[in-house]
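Below, each chain spelled out in residue letters.
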Amino acid sequence: MNAVVIGVDGADVAVPEESSLLTAVRAAGTELPALCSDDRLSPAGSCRTCLVRAGGRVVAACVTPVSPGLRVDTRGDDVVRLRRDAVEVIVSALPPRALADGGPSELARVCRSTGIGPEAAQGAGGRGGDDSHPYVHLDRDLCIACGRCVRMCSEVQGTFALTLAGRGSDTVVAPGTGGPWIESDCVACGGCVDTCPTGAISQPGPARGLTSASRPEEARTRTTCGYCGVGCALDVVTRDGEVAAVLPARDGPVNRGHACVKGRFSHGFRTSPERLTRPLLRRDGVLEPAGWDEALAHVAEGLRAAVDAGGPDAVAAISSARASNEENYLVQKFMRVVIGTNNVDNCSRLCHSPSAAGLTASFGLSGGTDTLEDVERADCLLVVGANPVEAHPVVGARLLRQVLHGARLVVADPRAVGLAPHADVHLRPRPGTNVALFHGLAHILLAEGLTDEEFLRERATGLPELTDLLADYPPDRVADLTGVPALDLVAAARLYGRAERPAIVYGLGVTEHLHGTDGVRSLANLAILRGAVGTDRGYGVNPLRGQNNVQGASDMGALPDLLPGYGKVTDAAVRSRAEDVWGAPVPPRPGLRIPDMFAAARAGDLRALWIIGEDVCATDPDADRVARALDACPLVVCNELFLSGTARHADVVLPAASWLEKDGTFVNFDRRFQRVRPAVPPPGQARADFDILRAVAEVMETGLGCPTPADALAECGRLAPVFAGLSHGRLDREGSVPWPCPTPHEPGEAKLYTERFATPDGRAHLAAAPHLPPGEQPDDDYPLVLVTGRRWAHYNSGSMTRRGGNLALDPVDFLDLHPDDAGRYGLRDGHGVTVESRHGRARLVARVSEQTAPGQVFCSFHFPSSGVNRLTSDVADTVTSCPEYKVTAVRVAAS
């Protein structure tokens, strides 16, 4: 973008050519009031508080574009007086408390800087407020009808939940649905709270009035959100050692001053009375408080006993996305160096392990191919098996904004949720038929000449085999297999095939299947056929990672067959490099995956299991069998924030630090390393997983090295060349750096494969895997198909989000079902329902809508007490052992 030079108060300043005068004035170091303006929003020019003289005319700076050579005067007596008059007019209608006691609001700061005192506020008030929402408080008397909240809700969040109601001086913000705020369409992203210049919309409690533009005296700590995999940068404001507010960082590389209900508000768990603050040790069958020395000694003794009884492979560890990169690195190093086994795995096994396997087979690396910024430049989005509006709200909002600005959208999802109502074509395949759907699209691309022949010839392999396979997937047959009308299939293929810059975004609806890896590879085929990966003709294939550091946990080698950087443990050269760094041998045989760990425990072969940050009894499938495995294992150690269902089966429970209390890094869904910094200390005697691991190693008299998380990342870089250019110091300076990043002097590869693919032959590999049926089929006894997933207000097992105000937003576990099925089985909306599968039983609350197709039901797994994962089976992806959460045959009855 070209720069334009203008004069501001006699000094030249260069700004991008599409900038406003307000941007230029601020670039020159001059602050102007602009009560209706927010850099994240389109300009309004309604408050007239940013008046300047430009080219001889008095204009509103926020809506006036720059032009070359323009001269701007902000200091003339006339414009200074006009700005002050505009502010005084606004203030005069407000009650005196709007400016009382040096409040933190933008309006209060403007008044202090212009010499306007509380006496200027003469309004009587009396318009009341709305305290119905746990995170958003409305004080109508402070509303100046600037419209920033309404524009934030529509332009940034895309929810369109707010409006301006009333006339003239009675105009005030209100929920668009009428009624209390808690009953509105608001998703509590906090955008309205963050942009409000007066405090009319604020967060209750100690955070009242604080926004990302505030300048509080309290300490602020920049960190990365510990919920989903988007990687939002957040500023944590603390007072007296406690979290006062969590604010979206305006300069956040991914979120750009936006957040969701979880990252913005869901930190009440930190001070929950249920938080673990002391180690617990099982004595005579009961978990009792213990000191750290005793707990650590018990863990060390139990691990030694397990090795003595069954060898190193009698011990296993399950790490977590909740752990930082450095903690995951230390977990796998502990298992390989201290114990001598590759029995280490992490929660990506349950979600995106098929992504790692499929993307590696197709392209060479396990991460997404492009950045979110790249995806936003696409002219056609194919969103598959994902509901980012709820599961990744900041990404969902940005994709919706892209569509509202003209990008074409194809959604493939059995449910009509999230982005689906905005789609040009919504494909609703039967659960378990993804591979057939993708082959049907690929068939049309080939049949209609919508492929990039040069790319396929020069940079891909496997086309003849795929062409032969696709002959069996014409639209009519695919319609029979998937339930998607042939005409919709053709329309979707043409939108994707004719786009100039298409992008694919997908989620767990692709991976959590018996043939999840085949699904990923078949989806990747579409980008390869179009030449839309590694080129300027498209933006590849991009998985939306479910948890904050699920990418990083695998990157760091917390996997049974791969070392940090994805080197295979079976590769002697890879092992040798690790052994040189660690000074210890690395076992050559792959270890156990999570499901195999449980099977080994039930069989009596696994004698010690260390579970770090995972509630496997709530999140893993066939939960009753998981619990039996834990009960059969002689030693179960659990690092946790709360006494979870899993912790209740443990022999030792170690109180851990949360993401707000630890130091390190996370890797988000598009491969960006970002810093995690402790804003507050952990409560009581709780410790970071990093410190716990080092302490156990010391008791076992085998040092792990790596005194600090920064040292651990540096050591990882010596072992894994793709991370060699990364360090805490660099991230502190630059904010975020993507991998691969082989040297400190390179920026990291944001867009992959621009020169060659990372496969052995340097080519993208097309896959010719046939469609195969899912692991379970409905029948007369179990006639419905259950799909599990996430909802907007909660996260994973809900251990953090259920301990705070989110519970008021989403208080129970619903079963969504179609009206036809509700009528068929005698179920009523809002009433109890018992759900049974071939594996177990759960109790939920029926919610009847047409979002779910007939014959299918949907629920989340955020409320472990409902027992949802007692229903799901142990059927798993044939390549990676990822559970088939998306297809479970069930029956329902009123309860």
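Predicted model, so just to flag it, every value in this text is computed and none were measured. (Residues numbered from 1 in each chain as written. Predicted model: local features only at pLDDT ≥ 70, side-chain atom pairs only at ≥ 80, totals over all residues. Heavy atoms only, no water.)

### Quick look at the sheet that holds strand S4 (residues 57–60)
Sheet architecture is open: 5 strands sit in the order S2-S1-S5-S3-S4, paired in mixed fashion. Among the strands making up the open sheet, the edge pair consists of strand S2 (11–16) and S4. Sheet twist, expressed as the mean angle between neighbouring strand axes with direction ignored, is 40°. Pairing analysis gives 6 bridges linking strand S1 (residues 3–8) to S2, with the strands arranged antiparallel. Counted as the bridge partner of Ala 3 is Pro 16 from S2. (Pairing = 2+ DSSP bridges. Helix = DSSP H or I, 4+ residues; strand = E, 2+ residues; numbered from the N terminus. Axes fitted to C-alpha atoms, helices over the stretch in contact; angles between N-to-C directions.)

### Overview of the nonpolar core
If you look at the biggest cluster of nonpolar residues, it comprises 113 residues, and the most contacted ones within it are Leu 303, Phe 334 and Phe 363. Examining the composition of this core, we find that 8 residues originate from one element, helix H8 (residues 325–339), more than from any other. Grouped together as the second largest cluster of nonpolar side chains are 43 residues, Cys 232, Leu 399, Leu 641 and Phe 669 included. (Core = buried A, V, L, I, M, F, W, Y, C linked by side-chain atoms within 4.5 Å. Buried < 20%, exposed > 50% of the residue type's maximum accessible area, 1.4 Å probe, protein only.)

### Quick word on the packing of helix H17 (residues 486–498) against helix H19 (residues 516–530)
It is at 10 Å that the axes of H17 and H19 come closest, and there the two elements cross at 45°. Here H17 lies oblique to H19, going by the angle between them. Here Tyr 496, Gly 497 and Arg 498 of H17 come into contact with H19, specifically with Leu 526, Ala 527 and Arg 530. Of the residues in the contact of H17 with H19, the class split is 3 nonpolar, 1 polar and 2 charged. (Parallel < 35°, antiparallel > 145°, perpendicular 65-115°, else oblique. Contact = heavy atoms within 4.5 Å. Nonpolar A, V, L, I, M, F, W, Y, C, P; charged D, E, K, R; others polar.)

### What about empty space enclosed by the protein?
Taken as a whole, this structure holds 11 cavities of 30 Å³ or more when the rule is applied. If you trace the largest cavity, you find 40 residues lining it, with Leu 508, Gly 509, Thr 788, Gly 789 and Lys 886 closest to the centre. Space inside the second largest cavity adds up to approximately 140 Å³. Considering the residues around the second largest cavity, the lining is formed by 15 residues, among which Arg 322, Leu 641, Ala 657, Ser 658 and Lys 662 are closest to the centre. Of the residues belonging to the lining of the second largest cavity, the class tally is 6 nonpolar, 5 polar and 4 charged. (1 Å grid on protein atoms, 1.4 Å probe; cavity = no way out; pocket = protein on both sides within 12 Å on 5 of 7 lines; lining within 4 Å. Points joined across faces, edges and corners; volume = space filled by probe spheres on them.)

### With respect to the sheet that holds strand S34 (residues 814–817)
A barrel is described by the order of its strands in space; here 6 strands give the closed sequence S33-S37-S34-S36-S35-S38, paired in mixed fashion. With strand direction ignored, the average angle separating the axes of adjacent strands in the sheet is 45°. Sheet analysis places S34 next to strand S36 (residues 841–848), joined by 4 bridges and oriented parallel. Counterpart to Leu 815 in the pairing with S36 is Ala 846.

### Topic: unusual backbone geometry
Here Trp 739 and Pro 740 are connected by a cis peptide whose omega angle stands at 0°. By the element assignment, Pro 740 lies in the loop between strand S31 (736–738) and strand S32 (764–765). The phi dihedral of Cys 706 falls on the positive side, at around 50°, and the residue is not glycine. Assignment of secondary structure puts Cys 706 in the loop between helix H25 (689–699) and helix H26 (709–719). In this structure, Ser 881 takes a positive phi of about 70° despite not being glycine. With respect to the helices and strands, Ser 881 occurs in the loop between helix H30 (868–871) and strand S38 (888–894).

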